[in-house]
Structures are given as C-alpha cells and as structure tokens.
Amino acid sequence: MLTKFETKSPRVKGLAFHPKRPWILASLHNGVIQLWDYRMCTLLEKFDEHEGPVRGIGFHAQQPLFVSGGDDYKIKVWNYKLKRCLFHLLGHLDYIRTTVFHHEYPWILSASDDQTIRIWNWQSRACISVLTGHNHYVMCALFHPSDDLVCSASLDQTVRVWDISGLRKKNVAPGRGGLDDHMRNPNSTDLFGQADCVVKHVLEGHDRGVNWASFHPSMPLIVSGADDRQIKLWRMNDSKVSPFAPPSSSSRPAGSGLGPPHSIYRARDEEGAWEVDTCRGHYNNVSSVIFHPRQDLIISNSEEKSIRVWDTAKRTCLHTFRREHDRFWIVAAHPSLNLFAAGHDSGMVVFKLERERPAYALHGNLLYYVKERYLRKLDFTTQKDRAVLQLRGGGSLKPVYSMSYNPAENAVLVVNRSSSLENSVYDLYSIPKESDGQNPDAPEGKRSSGITAIWVARNRFAVLDRSHSLIIKNLKNEVTKKVQTPNCDEIFYAGTGMLLLRDNDSVTLFDVQQKRNLGNVKIPKCRYVIWSPDMTTVALLSKHNITICNRKLQSLCSIFENTRVKSGTWDDSGVFIYTTSNHIKYAITNGDHGIIRTLNLPVYLTRIKGDKVFLLDRECKPCTMTIDTTEYRFKLALIHQKYDEVLHMVRNAKLVGQSIIGYLQKKGYPEVALHFVKDEKTRFALALECMDIDVALEAAKALDDKDCWDKLGEAALMLGNHQVVEMCYQRTKNFDKLSFLYLITGNLEKLRKMMKIAEIRKDSSGHFQNALYLGDAAERIKILKTCGQDSLAYLTAKTHGLEEAAQEIKAAHDPEIPLPEADLNARPIQPPPPKSHMEENWPLLTVSKGFFEGMRAVRGGAAPGGKGGVIGGALAMEDTDMEDVGAGAGWGDDDLGLEGDDDPLGGEDEFKSADGEDAAEEAGGGWDVDDEDLDLPTDLEPSAANINASGGDDDHAGYFAPPTKGNSPAQNWANNSSLPVDHIVAGSFESACRLLHDQVGVVNFEPYKSLFLTNFARSRTTFLALPGLPALNGYPQSNWKEAGPKNGLPAVGLRLNDLPVHQILTLRTACNLFFKLKNFKTAGSFARRLLELGPKPEVGQQTRKILQACDKNPTDEHKLDYDEFNPFDIDAAEFKPIYRGAEKLECPFCGAKYSPQSNNTTCKICLVGLVGKSTQGLKIRRKIH
C-alpha cells in the first residue's frame, strides 16, 4: 500500500472520486463535506449545510454537480463551480445511507434507514420510483456500471438485485434493444400493470446484517460484506461461460475452497444467482467492499482497523494494511486510475496498491524497459519497439522495481522488491543477440537476494544485500569482494568504479576501488539519480526536492516542488527537464526553473531531443510529446550572453506573460523586455527602470496618467533633462515645481508668465512666490495690498526704497491703526540674476551602447549627431525628432498654450501668456546655435586619421568610449585565496564570513567586527597625488617579486604575542581551591598534573608543599561527579563530565565539547561557533605561485 495523500478530520463516512479531475469528496460525521485536491494535497472547498452526519456522497460523471445525503433526511444537489447547494429532495423518513448519480440518465439513487430505495430525476426534482422489499435499514444501493440493474444491501441479511429496465423504458428513451425494439413493444411494461422496478435476485447467505454490496465492472459478479465478518462473492446468471460457474457435486472435492461444501451454493435462486465463495479473515464487521476496476482483486475494510486485498480467483487474502486506532467505514475506487481511498475515524487516506513507475534503462538511442514481464527494446531513431526476452517468473511477481543495463556485455540486471526488503531479489540476464519479437526466448537468469544491483564496470556489478552491505560480483554472479562503506540504504550509479550511497539525509560519492568518500551533499531521502550524458552534472531527485550537483557532488542549485517529483532527463544544452505529478518543468543549473506544460496524468521522461520528449506512461507505453523550449533556451542564451540568439527569439518567438518580464527585470535586462512588450503601462515601468526617457515619454503620452507624469518627471530630473521635466509639470499642472524649475534654469521670461498665470488663477500664494523669485518688489506690494496686508506692504515698500508707494499705502490706511516702522538697517534681498538662460539639457557623457540598446537604435533610426545632445540620457534607445522636442522654448509649449489669456479659467488655457506675446515665435531656434559666421583656424579641421578613428561618420565624430574598468588588486586577492584573512583585507567581508562558516563553523560574526575593520584598514597604503585630487592607494603584496596583474596576494601584518600557559593557570587555581575545600585527594591529583608540566620554581615549590599535605590525608570532604581514572571531557554548556565512549559533539572553532542536547546551538565558550557542524578546518597556509 503506497499512501499518496492523507487528511486529518472527524470521521469520514462517504467518499467519491471525480472522474476526470484530481479531486475527492469526503463527507464527515460532523455534517461537513470537504473537497480535496489529492494531487496538490490542498483543501479546495467546504460545504456545511447539512444538519447531522453526511453518509452518502457522489460526483456526476459529466456535469459540475455532486449529490449528498445525510441524517437530516435531505438529499442535496450541489454545483461545485458555484460553490452552493442548488436544491434538495425530500421524501425519505429516516437517515440516508448512500446517494449516487446514474452514469447516463438524469437519476439519483438513494438508500435509507426507512427501508426504502428511491430513484429521483434530478432535472425534474421528482421521485420517479420507490423500491420496497427490504424489512430493515438499507445500508447501500448502487447502479450497475452498464446494465439496468441496482444492487442493495440491508441489515435484513439479504442482498437484492433490482431490474430497472421498465423504469428506463417508461421515463427515458430506448435502451439496449435500440429504437426498433422500443417501437415494436411501446407499452410492454404497462400492459399488465407491471411495476417499473422489480426484484430480480434475492441473495441470502449472510448470517447478520449486510453493510455493503457492489457490482463487478465487467463480469456478472457481486461482492458483499456484512456484520458476520464475511465477504461473499455472488454470481448472476449470464449467457457467457464463466470460470465461477458452480461445478457438479461429483467433480467438486469435499472441503475445497474456504467454506464447507454444503454451504457455498445454498443461496442460488430460481433465475440463476448463487453464492460462489466466501472470504474469511476479518474479525469484526466488514464496513465496505469493492472490486478492483482493472484487476482480479477485491478490496475491503472493516471496523477491526484494517484494509484487506483479496485474490478474486483464489479467494485468498494477499495483503493486510492496519491502522493503530482508527476503524474504517468506507472504501472507494477511482473509475480510471489505480487509486483508492478509505475513510476512517480520524480522516481519510488515498492510496494505491502497487508501484506504477516503469523500470527502464537508457543507452544512446536505445531504451530498454520492462512491460508485462517482457524486456523490450525501443530504438529512438527508427521507432522500432520489440520484445527481446521474457523475464523469469511469468506474471506472478510484482512489477520490476529497477533495472541496470551493461552495453559492453549486453547484459541486464533486473531488481524485484517486495514489501519486506529482506525478500528482495535480482536477476542477471544476458540479452540474446537475435530474438523473435513476437515470441522471445526466456533465458534462465542468475537470481540472488539483494535490495539493489548496479553495474560498476564492464564485468562487475555492485549489490546492496539485505544487511545493507556492499558486495561486488562478476558476470557469473560470484562474489569477488566485499566493500566496507558508510551506512547506506540505497546505491546509485555514478560512473565506472563509482557509486552514490544514500542515507536518510545525504548522498555520498564513493570510490569502490579506493574505498573512500569523494564528496557529500545534503538532500532528504534521495529517490532517483539522473546523470547528464557527459557525466558532468547530476540531478538528485527526492520526494519534493531536486538538487543539481557537479561531478564532485558540489551543489549547484536546489529546487523545491509542492507536488511529487516523478522523473527527469537532460537536454543537450545542459538543462534538466523533469516531471511532477501535473507538470513538465525545466531547471537551469543557476537555479532558474519554470513550467513547460501541464499534464493530465503523470508520465516518466526517458529522453529529449530538440522540442520532442520521449516518455513512458503508467501503462509502460512509449509515447512522444512536443514541448515549447523557447522559454528556457531564451534564459540560457541570456546567461551565456548569446545576444544574437536572444534577439532572434524576441523577434520571432511568442515570449509573452508577466513571468518572463519579471524574470528579465530581476536579472537586470529590462531593455530586452522593451523589445516585445506591447502593454503601455508595462513599457513605461520598464523604460523607467533602464532610464530610457524617450520610450517612457511615448508611453506616458499614451497613458496620460498623472501618476505616470509624476514618475517620468522625477526620472528626467535625475538625468538633467529639464525639458521633459517641464512638460511633465505642465501636464500635471504642478505650478510650484514649474516655477522653481524656471528659476534654476534662468528662464525669467517664463517665470514672469507663471506669475501672470498665478494672478489669473487668483492664487495669491503662487503669485507672491513668483514675484519673490523675480525680485519684483512692486508686484509683491500690489499682492499684499490686494490681500489686505497693509502693514507688510508698507514695510516692503519702505525697505525697498519705494517711498511713493509707501506714502500711498499710509494715506489709504486707517489712521487709528498705526503702521510698523521699518528697520533703518534693513536691506532688501534680491535674487541673483541668472548668468545665462539654460536652453539645453544638462550635458551627459556619451558612452557605448549595450547590444540591445544598439539594436533598438538601429531599428528606430540613427540619433542626430550634432544638435542638442542625447535627449534620453546615456541609456537612450531611440531619439525623438527634434521638431517634437520643442527646442528653445522648452518641451510642451504647444500643449500648454502659453500664447494668450483668452480663457484664463478654462482647461489648458490657464497656461496662456498674460502679456499676449506669441511664444511660438520665441520657440524658433532655442536649440540651434548660430555658428555659420565663426572663423575657425584651418589647423582645427579634422584629419582623415581622426575621421577614420571615429568611424568615418559625421554623426559619431568626437565619440568617446571609456576604457573598461579593471579589477583592483584587492579583488584579485579574494579570487586567488581561500584564506579568510585574505578576504578580510580585500574588503570582501561577506565571502570571509562564508569561509569562516564553512571552515570552522562560525555563525555569530558580531565579535569579529572590530577585527575585520582593523585588518582591512592596514591592508593598504595611502599617498597624496596632485593637489585637488583624491589620495591614491597602494596595495602591499606578499608575493610582490613574482606577482602579476591577477595573481597577487596580500601582505598581512600581524603581531604575535606569547600565548599564556592556560593549563598551568587552570590546574594551579583548581589545586588551591580544592585544598581550601578540604578535598585533599582531588587537590593532590591536580598537584601531580601541575608538576608534570614544569611550572616556574616558586610555583613548583608551593605545589610540592600542597602535595605533601594532601598525601597525609587523601580524602575528599565533598563528593564530586568526577572520575580521574576515566578520561573525560567537560560539557561546556552544563559543566558535566562526558566520559570516553559517550556520544559528544564539538565546537569546530574552539574545540569545546558538548552533549548531544546542545546540537546546532552557539558555542558558550567562543560565542561564535556552531556546535556539531561538520567543517573543512581552518586554512592558515597558502601556496604562492
């Protein structure tokens, strides 16, 4: 029994699989119905409208409906898409036990404790038939999968089979006989008043109440389970010859089967239904029993807390699965998959009976796989598939667990595992060179016990035996040697002479010849290992994890999946393609992964070639599937900087979706996304990210959103593109920022227009602010008088020497309110006049464009060469037409309409000039420079060499490409050394911390802060350069004689102090302390150890006196947990002895010892190390090349 999914909930009384989706319904004893996705292991929905336990549940085969019945006497029909109950059916007078839909007709079948069975039409919402006859609770009623039959089980100890063909002929159209038969006998069912539903068989044989009965999906068989703890198999009369037909009394030996001869066929009725046999084994009530949909098996469960699997032909129990505390109540089978579900007291479990993963081995273009006990060979090139040999054992054994192929000897190892690993065996076969594909040979293989068998050389294979020991055998299946290995429970192939050994949480690379470990990686319970064709990378698959490593088993990346990982294969480009329960996915060795396509059913990949995937399904049928590899090839090209290939994909492939855009943004390629993104909002965000003002401006115009204009203005201001900033402020009507922009660019003319606009808008604050920017005192006095601020107006006039205006204010002022006197020392502050009016944007250094920027420029047109500089800044991809820029008068004058004041309060007209000047005339040539009349010396004319050097293009004359910045010596130090101190002096603190963690297990780096900074500060020298320039650094190197540009190592200056003799101090202190405590025996042992270390003479003399005193009275007044004759270590956390042989852990940094309870804690002694961490050891020497 392989558990696929398990839930915890109140008692589950009913279960139903969805026929197509990976869903299961569970009806609970507390009245709740749960809808689960068993593939994703998630609860999708809960329905809780029933009052009391819900016992019956069932999905409709085609419609998005399910039906439920409970102890509230109600049958409810639900729509799971709408997530609500559509209607309920009333009629039953007691608890409802089961409810199911008919597979074809619009019928619902229900069974109840009111001793009736009802058939309902859920479309008309009416009861169309009531089946009476049982005289006790009806526990179960089910439709036949194909015939017009119903079977029911009751506590009256009978199973009844009902013929409902009359109901079909009356309510639905023609049945099996077709329309002609229906027309010939239109009223045959009602001619003599015949009932719609009649009892066809009454099966009596159980000694107590029957809890469940169900039909066989294809044969005329019924199985039933009852409170008499028996499972009975019944046969209905049928024209077909059956292996279950009762033998004659003369040919049937007495005592055969599982019951007495006289009882097996006692329940045969007149029309031909009889008991075939009885399965005994349960020792409590049988709750539910069903046939396996595709195999000759019966699955039953019982209140004895077990599930049993029975052989239909032999009527013997094959498997028993038990739970500790939970009684089972219901079992259900998936209609098309090898899945079952069982409900118990504390939830449910979804399981399958056997492993469905096909066993296969790949070699070149050949695939060897096992199907129906035959070893088959598939040639990928010719698509020829044929059987090459028949495996030993026929069909009696379980499916093959794994296989390993040896191309040198054309031999194969086939492993069969049982539920008990100790009973696992393997077979060694030699594949015949020629065989009949229709009837292949069955060679005698060499069989031995073993959990796993794998080839490790052309004539040697390794076997992991039942004691988990590694044995090497030859082609004769003889043991050649035994290899001592670390503890492992599985082995995998890792190349010639190499194996991967698996334990619970790691995989180890093991050299069989040298008998030593070469590498180790942490991965929980690795299940499968898949090597790339060149054996340079390997994918380790566990239940939910994929770890990709290199040949030395160093981890490259790790990926977690929510669903189970099934299989995988390597693409030719080094990408790992793998499958989960519901997807085909890819993983690149840098950690990038994604979905390629969705799967309806799990498949097992064998190989990928181009965009074609070869796979095996769960029926072991070879298939091919076409996938779209564009996404991962696109990412791979970006990683390898194959930009031509990237551009080709951008132009020709359908790369769309937020995921690829998010990936490009995350990896720092927003300019690539601009090539194919059509959504203006996304284009705007990408353009701002790569600071492409031109593209952002186009998108902002299309969006015309205030938030976009604000962001564009902020980005343009960072690049000094004040003309775009002006347009953004005008579009958002941000008058305050616009005024300040005109002030800092020296555009006093437009600043005066802004003042007039503020006056028109009656914005006194803005009006006054613009007058202040312009230094127009008369205008400020006018504004203050208008606002009633006579005192401020008077002070302003007096301070600026405008006596006439001051007297005018004083004369008009109320004489009863005195005006303030101006300070005689006050001086007016005038804004400094601008030295020049800044027409052009701030100059930016023109640098080499990136690949994608250059391609955009080529597609969008060449940039103008001489006028105005680069509009969008250094990262521009396209250049806007100069006529659209609005040079001279600033961007957007046409949009703002600064030409007049015809409508000062309406829309855009509030921006019109208040003085009536035509701004269009001023905007004529603000960006043009009148340079025709300049008389330049002839020696300044560009030479041919200069022209050729600049590319021979006038547009690129004077083009400057800065040199590539080199690496500093400090960066080379970190690249050349694995010593933490070298990384510290290089300033690479992060890598230094990582090295300390790996080498000595340091996890707390706070105490190292001052040491890091001190060593970093003294790793370089500083000397002055030219005046006004920053100081230059020198980098002393330890290998300065032979060091080149890239192989230098730092000179580390350290002062070494004499280490104190810690052990002498410790023993001296302990000796004195124990002597004072009158523990003379222990003090004497400390004194002897101290004298052995050779202390100073005065210390030695004092110690000898203590030793003489202790020898006179060798007793301890205080008993200690201390045995001086048993070597021990002190637990640094609890200060208790850890004697030799006891399990202990160590701090990798300071060596302090700890008990296992302190695992993964910070060391109490050094305060930096992680207790119990396995490390490499601190490296303190380096090789100087």
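Residues numbered from 1 in each chain as written. Predicted model: local features only at pLDDT ≥ 70, side-chain atom pairs only at ≥ 80, totals over all residues. Heavy atoms only, no water.

A. Inspection of the overall build of the protein at higher detail. Scanning the protein for helices and strands turns up 28 helices and 61 strands. Considering only intrachain contacts with a sequence separation of at least 6, the fraction spanning at least 24 residues in the protein is 47%. When the accessible surface of the protein is summed, it comes to about 61000 Å², and 50% of that surface belongs to carbon and sulfur atoms. (Helix = DSSP H or I, 4+ residues; strand = E, 2+ residues; numbered from the N terminus. Contact = heavy atoms within 4.5 Å. Areas by Shrake-Rupley, 256 points an atom, 1.4 Å probe, with all protein chains shown as cover.)

B. Region of interest: the nonpolar core. Residues Leu15, Ile24, Ile119 and Ile222 are the most contacted members of the largest nonpolar core, which totals 75 residues. Top contributing element to this core by residue count: strand β14 (residues 138–143), with 5 residues. Apart from residues no more than four positions distant in its own chain, isoleucine 222 is found in contact with Val159, Val161, Leu203, Ala213, Ser214, Phe215, Lys232, Leu233, Trp234, Met236 and Phe291. (Core = buried A, V, L, I, M, F, W, Y, C linked by side-chain atoms within 4.5 Å. Buried < 20%, exposed > 50% of the residue type's maximum accessible area, 1.4 Å probe, protein only.)

C. Focus on the packing of aromatic side chains. Considering all chains together, one arrives at 27 aromatic pairs under this definition. For the ring pair phenylalanine 5 and tryptophan 36, a centre distance of 5.4 Å and an interplane angle of 55° mean the geometry is tilted. With phenylalanine 5 in strand β1 (residues 2–8) and tryptophan 36 in strand β4 (residues 33–37), this residue pair connects regions lying 31 residues apart in the sequence. No difference in accessibility class separates phenylalanine 5 from tryptophan 36, as the two residues are buried. Ring pairing ties together the aromatic residues Trp23, Phe47, Phe59, Phe66, Trp78 and Tyr80, which thus form one cluster. Sitting above the plane of the tyrosine 528 ring, arginine 357 keeps its charged end 3.7 Å from the centroid. When the ring centre of tyrosine 401 is taken as origin, the NZ or CZ atom of arginine 417, which lies over that ring, is 4.0 Å away. (Phe/Tyr/Trp six-rings, centres within 6.5 Å; stacked < 30°, edge-to-face > 60°. Lys NZ or Arg CZ within 6 Å of the ring centre and 35° of its normal.)

D. Representation of the sheet that holds strand β55 (residues 622–626) within the structure. Spatially, the 3 strands line up as an open sheet ordered β53-β54-β55, and their pairing is antiparallel. A single partner strand is all that each edge strand has here, and the edge strands are β53 (604–609) and β55. Adjacent strand axes in the sheet meet at a mean angle of 25°, parallel and antiparallel pairs treated alike. Pairing between strand β54 (residues 612–616) and β55: 5 bridges, direction antiparallel. The residue bridging valine 613 from the neighbouring strand is methionine 625, located in β55. (Pairing = 2+ DSSP bridges. Axes fitted to C-alpha atoms, helices over the stretch in contact; angles between N-to-C directions.)

E. Summary view of the confidence of the model for the protein. Per-residue pLDDT for the protein has a mean of 78; in total, 80% of the residues score no lower than 70. The model gives residues 239–270 a pLDDT under 50, and that stretch makes 54 contacts with residues more than four places away or in other chains. (pLDDT = per-residue confidence, 0-100.)

F. A look at helix α24 (residues 989–1000). Taking 1.5 Å per residue as the helical rise, α24 with its 12 residues ought to reach 16 Å, and the 16 Å between its terminal C-alpha atoms agrees with that figure. Within α24, burial applies to Ser991, Ala992, Cys993, Leu995, Leu996, Gln999 and Val1000. Next to the buried residues of α24 lie α23 (980–985) and α25 (1009–1017). Where α24 terminates, the next one or two residues include glycine 1001, which has phi positive at roughly 70°. (Expected span 1.5 Å × (residues − 1).)

G. Representation of the pattern of salt bridges in the model. Per the counting criterion, the structure on display carries 36 salt bridges. Arginine 323 is the partner of glutamate 6 in a salt bridge, and the nearest nitrogen-oxygen pair spans 2.8 Å. Pair noted here: glutamate 6 is in strand β1 and arginine 323 is in the loop between β25 (316–322) and β26 (328–333), with a separation of 317 residues, a long-range link. Glutamate 6 sits in the partly exposed class, given a relative accessible area of 37%. A relative accessible area of 21% places arginine 323 in the partly exposed class. (Salt bridge = Lys/Arg side-chain N within 4 Å of Asp/Glu carboxyl O.)

H. Local environment of the sheet that holds strand β30 (residues 366–371). Spatially, 4 strands are ordered β29-β30-β31-β32 in an open sheet, and the strand pairing comes out antiparallel. Whereas interior strands pair on both sides, the edge strands pair on one side only; in this sheet they are β29 (360–363) and β32 (384–390). Strand-to-strand, the axes of this sheet are offset by a mean angle of 20°, without reference to chain direction.

I. Examining the side chain of asparagine 79 more closely. Mapped onto the elements of the fold, asparagine 79 is located in strand β8 (residues 74–79). In terms of polar contacts, asparagine 79 uses its side chain to reach the backbone amide nitrogen of lysine 81, at 2.8 Å. (Polar contact = N/O pair within 3.5 Å; in protein donor to acceptor, adjacent residues only side chain to side chain.)

J. Region of the structure containing empty space enclosed by the protein. If you walk through the whole model with that rule in mind, you get 4 cavities of 30 Å³ or more. For the second largest cavity, the full set of lining residues is Phe735, Asp736, Ser739, Met754, Ala758, Arg761, Asp763, Gly766, Gln769 and Asn770. Going through the elements one at a time, α11 (735–744), α12 (748–760) and α13 (764–774) are the ones with two or more residues in the lining of the second largest cavity. (1 Å grid on protein atoms, 1.4 Å probe; cavity = no way out; pocket = protein on both sides within 12 Å on 5 of 7 lines; lining within 4 Å. Points joined across faces, edges and corners; volume = space filled by probe spheres on them.)

K. Region of the structure containing the side chain of serine 112. In this fold, serine 112 is placed in strand β11 (residues 107–112). When neighbours within four sequence positions are excluded, serine 112 is seen to be in contact with His92, Asp94, Tyr95, Ile96, Arg97, Tyr137 and Val138.

L. Inspection of the pairing of strand β45 (residues 528–531) at higher detail. Of the two faces of β45, both are covered, the one formed by Tyr528 and Ile530 as well as the one formed by Val529 and Trp531. In sequence, β45 turns back onto strand β46 (residues 537–541) through a hairpin of 5 residues, with methionine 535 there showing a positive phi of about 60°.

M. Expanded view of the packing of α12 against α13. As a packed pair, α12 and α13 sit with axes 8 Å apart at the nearest point and diverge in direction by 155°. Between α12 and α13, the interaxial angle falls into the category roughly antiparallel. For the crossing formed where α12 meets α13, the hand is left-handed. Taken together, the residues of α13 that come into contact with α12 (itself represented by Leu748, Leu751, Arg752, Met754, Met755, Ala758 and Glu759) are Gly766, His767, Asn770, Ala771, Tyr773 and Leu774. Here the residues of the contact of α12 with α13 are counted per class, giving 8 nonpolar, 3 polar and 2 charged. (Parallel < 35°, antiparallel > 145°, perpendicular 65-115°, else oblique. Left-handed = near helix turned anticlockwise from the far one by under 90°. Nonpolar A, V, L, I, M, F, W, Y, C, P; charged D, E, K, R; others polar.)

N. Quick peek at unusual backbone geometry. In the Ramachandran plot, glutamine 115 falls in the positive-phi region, its phi being about 75° despite a non-glycine side chain. Its place among the elements puts glutamine 115 in the loop between β11 and β12 (116–121). At glutamine 383, a residue that is not glycine, the phi angle is positive and equals roughly 60°. Along the chain, glutamine 383 falls in the loop between β31 (374–379) and β32. When its relative accessible area of 42% is taken as the criterion, glutamine 383 is described as partly exposed.

O. Representation of the environment of glutamine 383. Sequence separation between glutamine 383 and leucine 366 is 17 residues; the distance between their C-alpha atoms is 9.7 Å. Glutamine 383 has contacts with Leu378 and Phe614, leaving out every residue within four places of it along the chain. One polar contact links the side chain of glutamine 383 to the main-chain carbonyl oxygen of phenylalanine 380, over a distance of 2.9 Å.

P. Spotlight on the environment of cysteine 728. With respect to the helices, strands and loops of the structure, cysteine 728 is situated in helix α10 (residues 722–731). A relative accessible area of 1% places cysteine 728 in the buried class. In this structure, the C-alpha to C-alpha distance between cysteine 728 and alanine 700, residues 28 residues apart in sequence, is 9.4 Å. For cysteine 728, the residues in contact, after removing those within four places along its chain, are Trp709, Leu712 and Gly713.

Q. Broad picture of the packing of helix α8 (residues 693–703) against helix α9 (residues 706–718). Following both chains from N to C, one finds α8 and α9 inclined at 165°, their axes separated by 10 Å at the closest point. Put simply, α8 runs roughly antiparallel to α9. With respect to the hand of their crossing, α8 and α9 are arranged in left-handed fashion. Contacts from Ile693, Ala696, Leu697, Ala700, Lys701 and Leu703 of α8 reach α9 at Cys708, Trp709, Leu712, Ala715 and Ala716. Considered class by class, the residues forming the contact of α8 with α9 number 10 nonpolar, no polar and 1 charged.

R. Local environment of the environment of alanine 342. Within the secondary structure, alanine 342 sits in strand β27 (residues 340–344). The buried category is assigned to alanine 342, whose relative accessible area is 0%. A sequence separation of 54 residues divides alanine 342 from serine 288, and the C-alpha atoms of the two residues are 9.4 Å apart. Setting aside residues up to four positions removed in sequence, alanine 342 forms contacts with Leu15, Asn301, Ile307, Phe328, Ile330, Val331, Gly347, Met348, Val349 and Phe351.

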